[in-house]
Amino acid sequence: MLAERAWFDLAFSDAHLPCLIVAVAHMTGRMDLLRDEWRPSYPPYSETQAGNLPATEQVNVANALRDLVPKLIGRPLSDFPRPDSQSLKQLMHFVAGQRIPDRYIPLLLEELGLNQHSDESTFAGPPTARDFKVLVIGAGMSGILAGVKLKQTGYSYQIIERNDDIGGTWHANNYPGCRVDTQNHLYGYSFHPNYDWPDHFSTQDALKDYFRDIVDHYGLRNNIQLRTSFEVAHYDESAGVWRARLVGADGKSEEVTANAIISAVGQLNRPKIPPIAGQEFFKGAQMHSAAWRNDVELAGKDVAVVGTGASAFQVIPAIAGVARRLTVFQRTAPWVAPTPDYHRAVGEGQKWLLKSLPFYANWYRFWLFWTMTEGTMPTLRHDPNWRAKDGSISAPNQRIRNALIEKMQDQVGERTDLLQKIIPKSPFGGKRTLRDDGLWIATLKRDNVELVTEKIREITPWSVVTADGTERRAEVIIYGTGFEASRFLEPARIFGRGGEELTALWAGDPRAYLGITVPGFPNFFCIYGPNTNLVAQGSIVFISECAVHYIMGALELLRERRAAALEPRPEITDAYNARVDEENAKMAWGMPGVTNWYKSASGRVSQNWPFPLADYWQVTRRPDPADFIFTEAELPAVGAKDL
Ligand code: NAP
């Protein structure tokens with residue numbers, strides 16, 4: 001008890017106070033702890049996200065909790081009665097500092113472990129007499145997740161991965177400065193929390209280690225085939241199976257048959273390097289941020305970085321101290337959200353609370369989830385009556401804009417020349433908002449760094465020349481120029497019913513039902529597929545968990561109906577996409593004139609989910625049989641050697 005009290009005093013300064021108060025009130029039933037003077041407020045992008053309690057009140061909170069917390073430490077969640085729904089709502093509103101719509105309650109119950117919530121699948125899986133094989137493409141965050149759930153449910157599965165290691169984006173992106181820009185206590189599987197994240201936003205190696213641990217913990221290793229590319233798949237209608245060709249690193253191809261295919265390649269796996277005149281004559285080294293070359297020396301070199309998106313934004317500060325001169329070519333300025341924790345380690349006290357105080361981690365995760373979801377949505381929606389000419393799209397959007405510009409002004413100091421270059425012309429939310437703790441502007445202010453906003457005209461053997469004729473020497477060019485987001489399955493070819501090809505059908509503008517299934521492509525499922533990307537609200541792990549839950553439900557439907565395959569009804573898919581398009585057109589990222597990787601060449605937003613996250617959770621709880629066309633045949637078995 002004494003040791004725990006000492007720990008509490010240590011932990012208190014690290015704790016997220018609203019979550020601490022709510023966790024204790026939850027377990028003790030002491031709703032009187034939800035005092036008005038302790039109610040948090042979260043001004044957008046304030047310096048502290050811990051509720052902004054005055055120091056005197058923080059002392060009062062510590063005094064009120066010091067004797068209560070040690071009695072709760074280390075006890076199982078089942079020790080505590082489930083709060084009634086009225087109390088739950090009170091807890092939820094308190095931690096969020098605002099009223100939360102009732103439709104979040106089922107999601108909250110699951111996050112708090114108050115519903116059935118374990119790492120065992122809730123789906124029954126195939127009876128042993130019926131063999132059912134699933135081919136998963138990609139061993140990144142989504143493919144590994146699919147593997148865990150398929151294994152728990154008892155399906156045969158094989159995950160193929162073109163790289164020589166697992167990790168997907170966390171394997172491919174190992175450029176200097178790479179770290180997750182969603183809080184790590186949210187960016188992780190809900191069923192496998194990590195209370196030992198080193199940082200609030202951990203670096204790439206920590207993320208890759210987490211996914212490696214998952215592969216080992218759930219015993220997936222033997223089902224992952226590395227250095228293997230998925231080349232082509234045809235749906236064999238007469239047999240009701242997919243026949244796929246895989247190619248190994250040695251160039252040898254292999255035919256496999258599967259009852260279902262899950263694409264877990266995500267949206268950001270094909271690096272994009274824009275063609276620039278003279279590029280091919282450049283004599284130095286060129287590389288994309290997602291194909292980093294450790295053999296390229298940057299120390300003492302003149303380095304050019306093209307782009308200021310999420311990747312370049314992390315690379316630039318990390319290499320500025322190494323390069324002799326660093327020239328940053330910016331086409332469009334990004335919005336930058338002050339995030340004091342961005343490079344901060346998680347305190348030992350916070351780790352102790354996450355591990356030892358029941359429900360604290362659950363409330364913390366829910367709070368992170370909330371602040372990044374509906375909490376931000378009203379600022380991103382266009383008000384048709386809004387007439388300001390500063391690029392904002394509504395009053396709340398302009399308020400954020402003004403607050404962020406004020407922060408920039410504070411930081412540039414005497415370098416007012418920088419200000420006009422770094423204030424975005426597009427609305428807040430038009431592109432991904434980047435996170436920063438002051439390092440970005442500090443980097444741009446360095447003597448050896450130049451931010452160039454003039455358009456690039458050409459590349460010569462040792463320089464980059466802008467449209468105004470200025471030539472800047474470069475020995476290395478780094479392209480932080482993003483990905484072919486709407487061509488994410490290419491160059492793989494997928495032929496569905498009637499020989500229809502998916503890439504031809506999509507024509508660079510992918511669409512799917514709930515981002516998961518596609519008419520004409522039976523038993524073909526996508527995770528993090530079309531229109532499931534999040535711009536400012538939340539973690540893609542959440543989206544992937546929803547999709548995998550839905551896919552498992554779809555496979556369960558096949559089992560229940562003894563059907564061979566399912567595909568979504570075209571009219572349901574079209575109506576769904578019309579709703580998505582209508583909503584995306586109202587959002588900052590869908591505004592005419594706003595350019596970003598979320599729009600396909602046609603201008604349609606093909607990547608983003610425009611609704612609240614609770615809605616994606618709700619629609620993916622259980623697939624509705626009425627949405628599908630079933631191939632009502634006895635399920636064909638696939639021989640064990642086929643997969
Ligand atoms: P991106 O957001 O598409 O940014 C590409 C950058 O290159 C933009 O600044 C773009 O300018 C510029 N660019 C493209 N073509 C150009 C050209 N021809 N000339 C000059 N500039 C050009 O790509 P990204 O930075 O790789 O990020 C993609 C997504 O990956 C992010 O939105 C995020 O979802 C994810 N990401 C996440 C993390 C993380 O969690 N840590 C890190 C990196 C990336 P314009 O803005 O004018 O197009």
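Residues numbered from 1 in each chain as written. Predicted model: local features only at pLDDT ≥ 70, side-chain atom pairs only at ≥ 80, totals over all residues. Heavy atoms only, no water.

Can you tell me about the overall build of the chain, naming the residues and giving the values?
Across its full length, the chain carries 19 helices and 21 strands. Computed over C-alpha atoms, the radius of gyration of the chain comes to 25 Å, within 12% of the 26 Å expected from 2.2 N^0.38 for 643 residues, which places it in the range of a compact globule. For the C-alpha atoms alone, the extent of the chain along its principal axes is close to 70 × 70 × 50 Å. Across the 643 residues of the chain, 58% fall into the buried class. Looking at the chain as shown, the accessible area adds up to about 25,600 Å², and 50% of this sits on carbon and sulfur atoms. For the chain, the centre of its 69 positive side-chain charges and the centre of its 75 negative side-chain charges are spaced 2 Å apart. (Helix = DSSP H or I, 4+ residues; strand = E, 2+ residues; numbered from the N terminus. Rg over C-alpha atoms; globule rule 2.2 N^0.38 Å. Buried < 20%, exposed > 50% of the residue type's maximum accessible area, 1.4 Å probe, protein only. Areas by Shrake-Rupley, 256 points an atom, 1.4 Å probe, with all protein chains shown as cover. Lys, Arg positive; Asp, Glu negative; His and termini not counted. Charge placed at Lys NZ, Arg CZ, Asp CG, Glu CD.)

Summarise the pattern of salt bridges; cite the residues concerned and give the values.
The final tally for this structure, using the stated rule, is 40 salt bridges. Put simply, Arg493 and Glu501 hold a salt bridge, and the shortest N to O gap is 2.8 Å. Counted as one network, the salt bridges with shared partners bring together Asp165, Lys208, Asp209 and Arg212. (Salt bridge = Lys/Arg side-chain N within 4 Å of Asp/Glu carboxyl O.)

A description of the domain arrangement of the chain should follow, citing residues and the corresponding values.
Much of the literature gives interface size as the accessible area that the parts lose upon coming together. Segmentation of the chain into domains returns domain 1 (2-99 + 348-373), domain 2 (133-270 + 485-642) and domain 3 (279-335 + 393-479). Each of domain 1 and domain 3 has a C-alpha centre, and these two points are 40 Å apart. (Domains from an automatic or database assignment.)

Tell me about the sheet that holds strand E18 (residues 493-495), and please be specific about residues and values.
Read across the open sheet, the four strands follow the order E6-E5-E4-E18; overall the sheet is mixed. Every interior strand has two partners, whereas the edge strands, strand E6 (253-258) and E18, have only one. The mean inter-strand angle of the sheet, taken between neighbouring strand axes irrespective of direction, is 20 degrees. (Pairing = 2+ DSSP bridges. Axes fitted to C-alpha atoms, helices over the stretch in contact; angles between N-to-C directions.)

Outline the site of the ligand, supporting the account with residue identities and numerical values.
Around the ligand sit 22 residues, and of these Arg179, Asp181, Ala310, Ser311 and Thr332 come closest. Side-chain polar atom of Asp181 to an oxygen atom of the ligand: 2.9 Å apart, as the coordinates give it. At three residues, the largest contribution of residues to the shell around the ligand is made by helix H10 (residues 310-319). When its residues are assigned to classes, the shell around the ligand shows eight nonpolar, nine polar and five charged. Per-domain counts for the shell around the ligand show at least three residues from each of domain 2 (133-270 + 485-642) and domain 3 (279-335 + 393-479). (Near = heavy atom within 4 Å. Polar contact = N/O pair within 3.5 Å; in protein donor to acceptor, adjacent residues only side chain to side chain. Nonpolar A, V, L, I, M, F, W, Y, C, P; charged D, E, K, R; others polar.)

How would you sum up the pairing of strand E17 (residues 476-479)? Please name residues and give values.
Here E17 shows two buried faces, one formed by Val476 and Ile478 and the other by Ile477 and Tyr479. Two elements, strand E8 (residues 285-288) and E17, share four bridges in a ladder whose sense is parallel. Paired with Ala285 across the two strands is Val476, which belongs to E17.

Tell me about helix H17 (residues 540-561), and please be specific about residues and values.
Compared with an ideal rise of 1.5 Å per residue, which puts 22 residues at 32 Å, H17 spans 32 Å between its outermost C-alpha atoms and is within 8% of the ideal. Positive phi shows up at Arg562, right after H17, with a value of about 50 degrees. (Expected span 1.5 Å × (residues − 1).)

Just give me the short version of unusual backbone geometry, but keep the residues and values in it.
Here the amide bond leading from Glu490 into Pro491 is cis, since omega sits at 5 degrees, within 30 degrees of zero. With respect to the helices, strands and loops of the structure, Pro491 is situated in the loop between E17 and E18. Phi is positive for Leu514, close to 60 degrees, though the residue is something other than glycine. Topologically, Leu514 is positioned in the loop between helix H16 (502-506) and strand E19 (524-526). Unlike most non-glycine residues, Asn531 shows phi in positive territory, near 55 degrees.

I'd like to hear about the sheet that holds strand E15 (residues 463-466), residue by residue, with values.
Ordered in space as E14-E15-E16, the three strands form an open sheet in which the pairing is antiparallel. Looking along the sheet, the strands with just one partner apiece sit at the ends: strand E14 (456-460) and strand E16 (471-473). Across the sheet, the mean angle from the axis of one strand to that of its neighbour is 25 degrees, orientation sign disregarded. As judged from the three bridges shared by E15 and E16, these two strands associate in the antiparallel manner. Looking at E16, one finds that Ser463 is bridged to Arg473.

Pulling in residues and values, what's your account of the state of the cysteines?
By the definition in use, this model includes zero disulfides. You can see Cys526 has no disulfide; the closest cysteine sulfur is in Cys546, sitting 16 Å from it. (Disulfide = S-S within 2.5 Å.)

With reference to specific residues and values, describe the pairing of strand E20 (residues 565-568).
Along any regular strand the residues' side chains alternate between the sheet's two faces. Residues Ala565 and Glu567 of E20 are buried on one face, and the alternating residues Leu566 and Pro568, pointing to the opposite face, are buried as well. Relative to strand E21 (residues 628-631), E20 runs antiparallel, the two sharing four bridges. Looking at E21, one finds that Ala565 is bridged to Thr631.

So what's going on with the packing of aromatic side chains? Which residues, and what values?
The tally for this structure, following the rule as stated, stands at 30 aromatic pairs. Ring centres of Tyr189 and Phe211 lie 5.6 Å apart, and the angle between their planes is 75 degrees; on these two criteria the pair is classed as edge-to-face. In this pair, Tyr189 is assigned in the loop between helix H8 (169-172) and helix H9 (204-217) and Phe211 in helix H9, connecting sequence segments 22 residues apart. This pair shows no difference in class: Tyr189 is buried, exactly as Phe211 is. Summarising the aromatic geometry, the rings of Trp609 and Tyr616 are spaced 4.8 Å apart at their centres and angled 65 degrees between planes, so their arrangement reads as edge-to-face. Judged on exposure class, the residue Trp609 and its partner Tyr616 are both buried. A network of ring pairs unites the aromatic residues Tyr189, Phe191, Trp197, Tyr210, Phe211 and Tyr218 as a single cluster. (Phe/Tyr/Trp six-rings, centres within 6.5 Å; stacked < 30°, edge-to-face > 60°.)

Quick rundown of the packing of helix H11 (residues 348-356) against helix H12 (residues 360-372)? Include the residues and the values.
Here H11 crosses H12 at 110 degrees, and the two axes come no closer than 6 Å. Classified by the angle their axes make, H11 and H12 are roughly perpendicular. Contacts from Gln350, Leu353 and Leu354 in H11 reach Tyr360, Ala361 and Tyr364 in H12. Partitioning the contact of H11 with H12 into residue classes produces five nonpolar, one polar and no charged. (Parallel < 35°, antiparallel > 145°, perpendicular 65-115°, else oblique. Contact = heavy atoms within 4.5 Å.)

I'd like to hear about the side chain of Ser392, residue by residue, with values.
With respect to the element layout, Ser392 can be found in the loop between H12 and helix H13 (395-412). Take Ser392: its relative accessible area is 7%, and that puts it in the buried class. Polar side-chain contacts of Ser392 include one of 2.9 Å to the side chain of Trp386. Within polar-contact distance, the side chain of Ser392 engages the side chain of Asp390 at 2.6 Å.

Describe in detail H11, supporting the description with residues and values.
Taking burial as the measure, the nine residues of H11 include seven buried ones, the bulk of the element. Within H11, the full set of buried residues consists of Gly349, Gln350, Lys351, Trp352, Leu353, Leu354 and Ser356.

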